[in-house]
Amino acid sequence: MALRKYQEAGLAPSFEFKKPKQMKEGGEVERYHRIELVVEGVPLGYAELHYMSKPIPSFLVNYVFVKKNVRGFGFGGAVMEKINDYIISRGKMGMLCNAIDPKSKVRGIYEAHGWHESSQFSDWMTINEPKNVKPEAVEKAIAYAMLWLEKIEERVDKKEDLKAA
């Protein structure tokens, strides 16, 4: 286990699950979930997930982060295990926009934890795809998530433009 060094030093990681919040922005309701990695009271990383009910109930893993100074010690893998547990225990599909080069070591962490590349969108990965739906439905869910992310980016850009003005 990659966390062995930390565990031998008595530094066991724990996870805090933030309760889903309902956030209304532009008339849209988002279900936000956050999984935080904490060691000895110090936050070292987190994952952000957004629940999407259509077209397939799923979680969009929007962000996975581990502080630079503790990368390479297995904390990223621990976060991925918690993400997988969270998604699978709820019986949902997981989607991840991974704009990382397929040859990158970082991308390998997702694959090592059961995520696989979408057949139509090479920079997207999924896990726990429903067995009773056609692959086209999964691709439609990814396309819907892509549109949702674009809308979020537009909102952020507009807010930055207003601040600069």
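So, how was this worked out
- Residues numbered from 1 in each chain as written.
- Predicted model: local features only at pLDDT ≥ 70, side-chain atom pairs only at ≥ 80, totals over all residues.
- Heavy atoms only, no water.
- Salt bridge = Lys/Arg side-chain N within 4 Å of Asp/Glu carboxyl O.
- Helix = DSSP H or I, 4+ residues; strand = E, 2+ residues; numbered from the N terminus.
- pLDDT = per-residue confidence, 0-100.
- Contact = heavy atoms within 4.5 Å.
- Buried < 20%, exposed > 50% of the residue type's maximum accessible area, 1.4 Å probe, protein only.
- Patch = residues over 30% accessible without salt bridge, like charges linked within 9 Å, V, L, I, M, F, W, Y side chains within 5 Å.
- Areas by Shrake-Rupley, 256 points an atom, 1.4 Å probe, with all protein chains shown as cover.
- Lys, Arg positive; Asp, Glu negative; His and termini not counted.
- Charge placed at Lys NZ, Arg CZ, Asp CG, Glu CD.

Visitor: What exactly am I supposed to notice about the pattern of salt bridges here?
Guide: Close approach of charged atoms allows side chains with opposite charge to pair. Applying the stated rule across the entire model yields two salt bridges. Between Arg34 and Glu48 there is a salt bridge, with the nearest N and O atoms lying 3.2 Å from each other. Of the two residues, Arg34 sits in strand 2 (residues 28-39) while Glu48 sits in strand 3 (residues 42-52), which places them 14 residues apart along the sequence. Look at the salt bridges and you will find they share partners, linking Arg34, Glu36 and Glu48 into a network.

Visitor: How should the confidence of the model for the chain be read in this particular structure?
Guide: It should be kept in mind that the predicted coordinates are not to be read in detail where pLDDT is low. Chain-level pLDDT for the chain is 81 on average; 78% of the residues reach the 70-or-more range. Contacts from residues 22-29, a stretch scored under 50 in pLDDT, to residues over four places away or in other chains number 12 contacts.

Visitor: Sorry if this is basic, but what is going on with the side chain of Glu139 here?
Guide: Summarising the element assignment, Glu139 is placed in helix 4 (residues 135-164). On the basis of relative accessible area, Glu139 is assigned to the buried category, the value being 10%. Ignoring sequence-local partners within four residues, the contact set of Glu139 consists of Ser118, Ser119, Gln120 and Phe121.

Visitor: Would you take a moment to explain a negative patch on the surface for this structure?
Guide: Taken together, the side chains of Glu150, Glu153, Glu154 and Asp157 make up a negatively charged region of the molecular surface. Inspection of the secondary structure puts Glu153 in helix 4.

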